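Residue-level structure breakdown
One-letter residues, chain by chain:
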Amino acid sequence: MPASTQILFPTDFSIYANYAFNYAVGLAKKRGGTIHMVHVLDVNLFSLGSGAGIWIAGSDMERVEQSMSEHAEVRMSHLSDQASEMGVVAKQHIVKGNPGQAISEQAVALGCGLIVLATHGRSGLDHLVFGSTAERVVRESPIPVLAVKHPEHEFVEGERLEVQLKRVLFPTDFSPYSEKGLPYAVHLCKEFGATLVIQHTNDLPLILPEYLPELSTSPTQDLEQYGAESLERLAAGVTEVPVETIQTTGRPHTEIAKIVEEMGIDLVVMPTHGRSGISHLLLGSVAEKVIRSAKCPVLTVRPDKIPAFADTSN
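The structure reproduced in this document is the subject of the present report. Predicted model, so just to flag it, every value in this text is computed and none were measured.

A word on helix H1 (residues 15-31). Across its 17 residues, H1 extends 25 Å between first and last C-alpha, which sits within 8% of the 24 Å expected from 1.5 Å per residue. Regarding H1, the residues found buried are Ala17, Tyr19, Ala20, Phe21, Tyr23, Ala24, Val25, Gly26, Leu27, Ala28 and Arg31.

And the structure:
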């Protein structure tokens with residue numbers, strides 16, 4: 001059983017957040033847990049006397065902030081009523097700060113074992129300019145984060161928001177860090193009676209094979225054999241749940257997204273290093289790319305932390 005049944009649900013009251021709310025309710029209902037709803041008043045809106053690009057005099061700023069807070073309380077009260085109808089307790093929290101940082105801090109302060117949040121799935125210029133609060137939380141959070149994007153393949157279904165988790169994908173590069181995330185995927189499959197799919201991608205060299213296919217190279221027979229043997233080793237170590245393995249060649253996030261659709265995957269579980277700064281700009285993050293591209297929710301875990309979401313001793 002999870003060490004904590006407390007779930008943090010950040011909301012900006014968008015249609016995306018309302019959809020992710022179903023997952024928070026469904027999981028809390030399944031576990032008899034509590035939802036902590038958090039709305040962050042973005043400190044950037046109140047800096048230098050401006051809000052959403054409109055100049056606001058300092059004397060009016062407190063009234064604007066108070067109005068926004070009251071509006072958030074009304075919206076969260078409505079969500080609390082919805083959760084209550086499902087037999088789930090939902091508590092309200094309004095904080096002021098940088099959304100990405102404040103969400104992670106609240107999760108820790110409230111003793112939550114899971115963050116359930118919406119991602120807008122931004123890409124291209126919009127993503128470069130505005131970034132994504134969800135991806136910042138994925139990088140910074142010491143506890144697991146379930147990123148939900150709509151529309152997508154669902155594993156919380158029906159009016160009663162029942163959790164229907166049947167196939168869980170665990171991508172791995174066979175590094176010790178990656179393999180430390182496997183027990184969390186196994187735990188989830190065991191809890192929900194799901195099949196575990198362990199997947200490895202033989203990564204193509206960074207030469208943009210989509211644009212220069214004549215320069216791309218195929219993985220050697222040795223790499224494929226190593227991948228097959230490593231997958232077999234990991235699968236042999238999992239005895240609690242049904243296991244399937246699959247090996248592909250290409251760009252990891254592209255292959256993962258493809259498998260999600262082809263195999264009807266309900267959830268992807270991925271370890272993340274939590275890179276930031278120059279390292280993140282240069283290397284990016286496969287987990288973040290999967291969050292943007294996969295048509296199912298993605299659960300990221302930090303094996304270097306001690307997540308409360310899953311007790312892997314069983």
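Across the interface, helix H9 (residues 252-263) lies against helix H11 (residues 286-293) with an axial gap of 9 Å and an inter-helix angle of 40°. One way to sum up the angle between H9 and H11 is to call them oblique. Both H9 and H11 take part in a crossing whose hand is right-handed. In contact with Pro252, His253, Ile256 and Ala257 of H9, H11 contributes Val286, Lys289, Val290 and Ser293. By residue class, the composition of the contact of H9 with H11 is 5 nonpolar, 2 polar and 1 charged.

Let's shift gears to the packing of aromatic side chains. In total, this model carries 4 aromatic pairs according to the counting rule given. Ring geometry for phenylalanine 9 versus phenylalanine 21: centroids 5.3 Å apart, planes at 50°, classification tilted. With phenylalanine 9 in strand S1 (residues 6-10) and phenylalanine 21 in helix H1, this pair connects stretches of sequence that are 12 residues apart. The pair formed by phenylalanine 9 and phenylalanine 21 is uniform in burial state, with each residue classed as buried. Measuring from centroid to centroid gives 5.7 Å for phenylalanine 174 and tyrosine 226, while their planes differ by 90°, and the two rings are edge-to-face. In this pair, phenylalanine 174 is assigned in the loop between strand S10 (167-171) and helix H6 (176-179) and tyrosine 226 in helix H8 (residues 221-236), connecting sequence segments 52 residues apart. Residue class for tyrosine 226 comes out partly exposed when judged on its relative accessible area of 47%. Each member of the aromatic cluster is reached from another via a ring pair, and the members are Tyr19, Tyr23 and Phe155.

What follows concerns the sheet that holds strand S13 (residues 267-271). Strand pairs in the sheet, formed through backbone hydrogen bonds, run parallel or antiparallel to each other. The strand order S5-S2-S1-S6-S7-S14-S13-S10-S11-S12 describes an open sheet built from 10 strands, whose pairing is mixed. Of all the strands in the sheet, just strand S5 (89-97) and strand S12 (243-250) have a single pairing partner and so form its edges. Along the sheet, successive strands turn relative to each other by an average axial angle of 25°, direction set aside. In terms of strand pairing, strand S2 (residues 34-42) meets S5 through 9 bridges, oriented parallel. Within S5, the position partnered with threonine 34 by the bridge is valine 89. Relative to strand S11 (residues 195-203), helix H7 (residues 182-192) is tilted by about 150°, and along the sheet it contacts S10, S11, S13 and strand S14 (298-301). Seen against the sheet, H11 touches strand S7 (145-148), S13 and S14 and runs at an angle of roughly 165° to S13.

The rules we used
- Residues numbered from 1 in each chain as written.
- Predicted model: local features only at pLDDT ≥ 70, side-chain atom pairs only at ≥ 80, totals over all residues.
- Heavy atoms only, no water.
- Helix = DSSP H or I, 4+ residues; strand = E, 2+ residues; numbered from the N terminus.
- Expected span 1.5 Å × (residues − 1).
- Buried < 20%, exposed > 50% of the residue type's maximum accessible area, 1.4 Å probe, protein only.
- Axes fitted to C-alpha atoms, helices over the stretch in contact; angles between N-to-C directions.
- Parallel < 35°, antiparallel > 145°, perpendicular 65-115°, else oblique.
- Left-handed = near helix turned anticlockwise from the far one by under 90°.
- Contact = heavy atoms within 4.5 Å.
- Nonpolar A, V, L, I, M, F, W, Y, C, P; charged D, E, K, R; others polar.
- Phe/Tyr/Trp six-rings, centres within 6.5 Å; stacked < 30°, edge-to-face > 60°.
- Pairing = 2+ DSSP bridges.

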